[in-house]
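# Remarks on the overall topology
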Amino acid sequence: MDKRLKYIYDNLDKMKLGLDDTFKFNCTMCGKCCINRDDILLTPKDLFGLATALYLKIEDFILQYCEIYIGQSSKIPIVRLRPVGPTKRCPLLKGNRCSVHSVKPVVCALFPLGRCISFENDKLRGGDFGDNDVQYFFQNPGCGDNRKEHTVREWLKDFDLSTEDKFFIKWQQTVAYLSQFVNEYESRLSEKILDDLENVFLVVLYLDYKQSDDFYTQFVQNTETLVEKLEALKKELK
């Protein structure tokens, strides 16, 4: 866990904001939020939207702009934008402007807000989620100024982000389930099988989409099929 994430984890209770709580921030378009960044993680939805907007296949977008690594604690594939040059700038930054503003990654659209979710064990494979399951927090941006005040709800609306984001819940749920599976069963699986699983996770989660069709429908189908196969593997391992 890097220092920034550890700080958020350790101080989340102090940083949390409700949907109608306020924070002060005004973007001055300095571009500082897009440099010294090696932590712009992309969800499958981000990848789908970015690649489609740039008329690229998803795998070609990854080759051109991203890097893939295995999460130290999650132990599943993670895709992030590959920082460029000594300033580690976002590869999609042109001058001081985002070249993909209308489809920017959700972590960038939320900035300087962040959001997270915590699951109880019985929610890993389904269940209803209340407003308290998704938590928002304000992180010191180190740029801009404080001339404007916003509520969390207003900020989300301005960037066309729903307070009831079905994908975010499903994605976090999937990550938690896969991470739990790998951490629980890796000692009982061969290195080859673990490598094969990593490749399967990468393809199913990030790549296996028809870009002319609805993303979310495909994502749900992909992840539910994957979970079914892993549940079957669990039975074989008992």
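Here's a quick rundown of the structure. (Residues numbered from 1 in each chain as written. Predicted model: local features only at pLDDT ≥ 70, side-chain atom pairs only at ≥ 80, totals over all residues. Heavy atoms only, no water.)

## Re the nonpolar core
Core analysis: the biggest nonpolar cluster contains 42 residues, and Leu 42, Leu 47, Phe 61, Cys 66, Leu 81 and Phe 201 have the highest contact counts within it. Secondary structure elements with two or more residues in this core: α2 (44-53), α3 (58-65), β5 (77-81), α6 (166-185), α7 (191-207) and α8 (215-237). Ranked by residues supplied to this core, first place goes to α6 with eight residues. Excluding its chain neighbours within four sequence positions, the residues that come into contact with Leu 42 are Leu 47, Leu 50, Phe 61, Cys 66, Val 79, Arg 80, Leu 81, Pro 105 and Tyr 206. Of all hydrophobic cores here, the second largest spans 18 residues; its members include Leu 110, Phe 111, Ile 117 and Tyr 136. (Core = buried A, V, L, I, M, F, W, Y, C linked by side-chain atoms within 4.5 Å. Buried < 20%, exposed > 50% of the residue type's maximum accessible area, 1.4 Å probe, protein only. Helix = DSSP H or I, 4+ residues; strand = E, 2+ residues; numbered from the N terminus. Contact = heavy atoms within 4.5 Å.)

## Quick notes on the side chain of Asp 39
Tracing the chain through its elements places Asp 39 in the loop between β2 (22-26) and β3 (41-42). We classify Asp 39 as buried; its relative accessible area is 13%. Within the local environment of Asp 39, its side chain forms a polar contact with the side chain of Arg 37, the two groups lying 2.7 Å apart. (Polar contact = N/O pair within 3.5 Å; in protein donor to acceptor, adjacent residues only side chain to side chain.)

## Some remarks on the packing of α6 against α8
Relative orientation of the contacting elements α6 and α8 amounts to 20 degrees, with a least axis distance of 11 Å. When the axes of α6 and α8 are compared, the pair comes out roughly parallel. In the crossing of α6 with α8, the sense of the turn from one axis to the other is left-handed. Within the contact between the two elements, α6 uses Lys 166, Phe 167, Lys 170, Trp 171, Thr 174, Tyr 177, Leu 178, Phe 181 and Tyr 185 and α8 uses Phe 215, Tyr 216, Phe 219, Thr 223, Glu 224, Leu 226, Val 227, Leu 230, Glu 231, Leu 233, Lys 234 and Leu 237. In terms of residue class, the contact of α6 with α8 is built from 14 nonpolar, two polar and five charged. (Axes fitted to C-alpha atoms, helices over the stretch in contact; angles between N-to-C directions. Parallel < 35°, antiparallel > 145°, perpendicular 65-115°, else oblique. Left-handed = near helix turned anticlockwise from the far one by under 90°. Nonpolar A, V, L, I, M, F, W, Y, C, P; charged D, E, K, R; others polar.)

## Quick notes on the pattern of salt bridges
Opposite charge on two side chains lets them pair, provided their charged atoms get close. Taken as a whole and judged by the stated rule, the model has nine salt bridges. Close ionic contact of Arg 37 with Asp 39 constitutes a salt bridge, the shortest N to O distance being 2.7 Å. By the burial criterion, Arg 37 is buried, and Asp 39 matches it. In this structure, Asp 165 and Arg 115 form a salt bridge, with 3.1 Å as the shortest nitrogen-oxygen distance. You can see Asp 165 sitting in the loop between α5 (152-158) and α6 and its partner Arg 115 sitting in strand β8 (residues 113-117), a full 50 residues away along the chain. Like Arg 115, Asp 165 is buried. (Salt bridge = Lys/Arg side-chain N within 4 Å of Asp/Glu carboxyl O.)

## As for the sheet that holds β8
Taken in spatial order, the three strands line up as β1-β9-β8 in an open sheet, and their pairing is antiparallel. Each having just a single partner strand, β1 (16-17) and β8 make up the two edges of the open sheet. Bridge analysis of β1 against strand β9 (residues 134-138) gives two bridges, and the strand direction is antiparallel. Among the inter-strand pairings, Lys 16 is bridged to a residue of β9, identified as Phe 137. Against the sheet, α6 contacts β8 and β9, and its axis sits at roughly 55 degrees relative to β8. (Pairing = 2+ DSSP bridges.)

## Structural notes on the packing of aromatic side chains
Both the distance between ring centres and the angle between the ring planes are used here to describe each pair of aromatic rings. Counted according to the given criterion, the structure contains 16 aromatic pairs. Both rings, one in Tyr 209 and one in Phe 215, keep their centres 5.1 Å apart while their planes meet at 35 degrees; by these two values the pair is tilted. Judged on exposure class, the residue Tyr 209 and its partner Phe 215 are both buried. Taken together, Phe 48, Phe 167, Trp 171, Tyr 206, Tyr 209, Phe 215 and Phe 219 form an aromatic cluster joined through their ring pairs. The lysine or arginine in question, Arg 115, covers the ring of Phe 168, its NZ or CZ lying 3.9 Å from the ring centre. (Phe/Tyr/Trp six-rings, centres within 6.5 Å; stacked < 30°, edge-to-face > 60°. Lys NZ or Arg CZ within 6 Å of the ring centre and 35° of its normal.)

By themselves, these observations are geometric and do not establish any function.
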